[in-house]
Amino acid sequence: MQVVAVDIGGTHARFALAEVGGGRVLTLGEAVTLKTAEHGSFQLAWEDFGRSIGKPLPSAAAIAVAGPVGGEIIKFTNNPWIIRPALIPEKLGAERYVVVNDFAAVAHAVAQADDSHFIHLSGPDADLPQTGVISVVGPGTGLGVAQLWRDDGCYRVQPTEGGHVDYAPLDAIEDAILAGLRKRHRRVSVERVVAGPGIVDIYEALALIEGRPYTPRSDRELWELGTSGEDSLAAAAVDRFCLSLGSVAGDLALAHGSTGVVMAGGLGLRIKDTLVRSGFADRFRAKGRFEGLMAAIPVKLITHPQPGLFGAAAAFAQSFPD
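Sequence order as written defines residue numbering, which begins from 1 separately in each chain. Local features in this predicted model are restricted to residues of pLDDT 70 or higher, and side-chain atom pairs are both shown and tallied only at a pLDDT of 80 or more, whereas totals for entire chains, interfaces and linings draw on every residue. Think of the side-chain values as coming from all heavy atoms in the structure, minus any hydrogens and water.

Undergrad: Describe the overall build of the protein, and please don't skip the residues or the numbers.
TA: The helix and strand labels rest on DSSP assignments: H or I over at least four residues marks a helix, E over at least two residues marks a strand, and numbering proceeds from the N terminus. Scanning the protein from terminus to terminus reveals 13 helices and 14 strands. Relative to its length of 322 residues, the protein is compact, with a C-alpha radius of gyration of 20 Å against a globular reference of 20 Å. Overall, the protein is about 60 × 45 × 35 Å in size when its C-alpha atoms are taken along their principal axes. Sequence separation of 24 or more characterises 66% of the internal contacts of the protein that already satisfy a separation of 6 or more. For the radius of gyration, the atoms used are the C-alpha atoms, and the globule rule reads 2.2 Å times the number of residues raised to 0.38. Pairs of residues are marked as contacts when any of their non-hydrogen atoms sit within 4.5 Å.

Undergrad: How would you sum up the packing of aromatic side chains? Please name residues and give values.
TA: A pair of Phe, Tyr and Trp rings is counted when the ring centres sit within 6.5 Å of each other, with Trp represented by its six-membered ring. The angle between the planes then sorts it: under 30 degrees is stacked, over 60 is edge-to-face, the rest tilted. Counted by the stated rule, this structure contains eight aromatic pairs. Seen in terms of ring centroids, Phe15 and Phe42 are 6.3 Å apart; in terms of plane orientation they differ by 20°. Their pairing is stacked. Placement of the pair is Phe15 in strand β2 (residues 12–21) and Phe42 in helix α1 (residues 42–53), with a sequence separation of 27 residues. Taken as a pair, Phe15 and Phe42 share a single burial class, namely buried. We call a residue buried when its accessible area falls under 20% of the maximum for its residue type, exposed when it is over 50%, and partly exposed in between, using a 1.4 Å probe and counting protein chains only.

Undergrad: Any chance you could break down the sheet that holds strand β12 (residues 154–160) for me, citing the residues and the numbers?
TA: Strand pairing is defined by DSSP finding a minimum of two bridges between the two strands. Spatially, β9-β14-β13-β10-β11-β12 is the arrangement adopted by the six strands of the open sheet, whose pairing is mixed. Strand pairing shows two members of the sheet lacking a second neighbour, β9 (118–122) and β12, which therefore form its edges. Going across the sheet, the axis of each strand differs from the next one's by a mean of 25°, ignoring polarity. Pairing geometry for strand β10 (residues 132–139) and strand β13 (residues 258–263), over five bridges, is parallel. Each bridged residue has a counterpart across the sheet, and for Ile134 the counterpart in β13 is Gly260. Most of the contacts of helix α3 (residues 102–112) go to strand β11 (residues 143–151), to which it runs at about 40°, and overall it touches β9, β10, β11, β12, β13 and β14 (299–302). The convention used is that axes are lines fitted to C-alpha atoms, helices contributing only their stretch in contact, and that angles between N-to-C directions extend from 0 to 180 degrees.

Undergrad: An account of the packing of α3 against helix α13 (residues 307–319) is needed here, citing residue identities and associated values.
TA: Across the interface, α3 lies against α13 with an axial gap of 7 Å and an inter-helix angle of 80°. With respect to their mutual orientation, α3 and α13 come out roughly perpendicular. Along the contact surface, α3 presents Ala105, Val106, His108, Ala109 and Gln112, while α13 presents Pro307, Gly308, Phe310, Gly311, Ala312, Ala314, Ala315 and Gln318. Amino acid classes used here: Ala, Val, Leu, Ile, Met, Phe, Trp, Tyr, Cys and Pro are nonpolar; Asp, Glu, Lys and Arg are charged; the rest, including Gly, are polar. Looking at side-chain class alone, the contact of α3 with α13 contains eight nonpolar, five polar and no charged residues. Relative orientations are named as follows: roughly parallel for angles under 35 degrees, roughly antiparallel for angles over 145 degrees, roughly perpendicular for angles from 65 to 115 degrees, and oblique for any other angle.

Undergrad: I'd love a proper account of the environment of Ile73, names of residues and values included.
TA: Within the secondary structure, Ile73 sits in the loop between β5 (60–65) and β6 (74–75). Assessed through its relative accessible area of 40%, Ile73 is described here as partly exposed. Taking C-alpha positions, Ile73 is 27 Å from Arg51, a pair spaced 22 residues apart along the chain. Once you skip the residues sitting within four places of it in the chain, Ile73 turns out to touch Ile82, Ile83 and Arg84.

Undergrad: Any chance you could break down the side chain of Ser278 for me, citing the residues and the numbers?
TA: Mapped onto the secondary structure, Ser278 falls in the loop between α10 (272–277) and α11 (280–285). Residue classification places Ser278 among the buried positions, given a relative accessible area of 16%. For Ser278, the side chain forms a polar contact with the main-chain nitrogen of Phe280, separated by 3.1 Å. Pairs of N or O atoms within 3.5 Å make up the polar contacts considered here, provided that, within protein, one atom can donate a hydrogen while the other can accept it, and that residues adjacent in sequence are counted only when both atoms are side-chain atoms.

Undergrad: Account for the packing of helix α4 (residues 172–182) against helix α6 (residues 198–210), with residues named and values stated.
TA: When two helices pack together, their arrangement is given by the angle between the helix axes and by the axis-to-axis distance. It is at 9 Å that the axes of α4 and α6 come closest, and there the two elements cross at 115°. Taken together, the axes of α4 and α6 are roughly perpendicular relative to one another. Classified by chirality, the crossing of α6 by α4 is right-handed. When α4 is examined against α6, the residues Ile173, Ala176, Ile177 and Leu181 are found in contact with a partner set consisting of Asp201, Ile202, Ala205, Leu206 and Ile209. Residue classes in the contact of α4 with α6 are distributed as eight nonpolar, no polar and one charged. Handedness of a crossing follows from how the near helix is turned relative to the far one, being left-handed for an anticlockwise turn of less than a right angle and right-handed for a clockwise one.

Undergrad: An account of the nonpolar core is needed here, citing residue identities and associated values.
TA: Put simply, buried Ala, Val, Leu, Ile, Met, Phe, Trp, Tyr and Cys residues joined by side-chain atoms within 4.5 Å make one nonpolar core. Counting 44 residues, the largest nonpolar core has Val194, Ile199, Phe241, Met263 and Phe284 as its most contacted members. At 11 residues, the largest contribution of residues to this core is made by helix α8 (residues 232–256).

Undergrad: Go over the pairing of β14, please, and point to the residues and values.
TA: Residues of β14 alternate between two faces, with Val299 and Leu301 on one and Lys300 and Ile302 on the opposite face, all of them buried. In terms of strand pairing, β13 meets β14 through three bridges, oriented parallel. The residue of β14 that forms the bridge with Val262 is Lys300.

The following block contains the structure:
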C-alpha cells in the first residue's frame, strides 16, 4: 500500500510517498521539503504537498516528529505547529497512521536499509549483526540515542534519552571543557559536548588553554573553519569533538550490550571523513579491561539521504504489515 511519509523538524517538514508491504519499505519517492514557517499548520502543509504532486494523497500517514510522542497533543520546540493524533483521520483523511519520535524513525531506517547505505567507521569491516542490540547514536542539534534489537528476521526499536547521561571527561582538556560548561549548567550531559552546538564550548575551552583571545563564533562557522582546516584552533576543537564522541558511543555500547553501533544524523554524515581520520575509533575501544570486546564491535555510519522519511515509512510498515 501507499503511505505519506513525513519528517517534521523545527525548520523544515519533509514529505514523500512510500510503498510498503510485508512489514517493510518497498520504495520511497522523491522528498519534498517545505518550510514550517511558511505554513500555518501541519494540515495546511499536508494539503500543500498534495497539491504539489497533483493527485489525491493516500489514506495512510507515517509521521516522524522532533520531540516526544505519546500524549494527546504533540508540540514542537522550534515551530508553532500542534498535532493532535486523535484528529489525524479527520484532518488528514488518513485512516491508518503512526506517529514516532524522529530518532526512533532513524533506528527503523537502520533496521531496514540495505548494506549499500552504510559505510565503515571502525571495528571489524563486516556487515551489522542480524542478532542482538545495535546502538544508534546521532549527533545533531541534540544527541539522539536509540536501541535496535534484532533476532531471527524480527526487530524492535526502543527510543531512549541516552543523550542526557552525565558527561565523563577523560583528560585535563576535557576537565577544562566540563569546568566551562559547569559555569552555566548545574548538570552537564553528553549532549552538551557531542552535539553540534557543543563545538562552541570546546573551542572556547581550547582558546583559554592556549591563552588566545576568544572571538565568539557560531557552531556553523566553527564546523566550517574546523573541517576545512582554515583555523587551527577550530580544527583542534573538531578533533576533540571526535574523541569525545568516540568515548560516548563506546559508553553507550557497553551500557546497551551492543553487537554493533550505527552513527546517524546530518552532522555525522558531514564530518564522516574527519571521523575516520580522527581518534574516534581509539576512544571507542578505550574501555580498560573491555578493550578487546569493544574492538570486536563494528561501527557504521548510515548514509541514506532521507533516514527520517524512510524510517517513518518503516515504522508504519511494522505497525501495519498486511
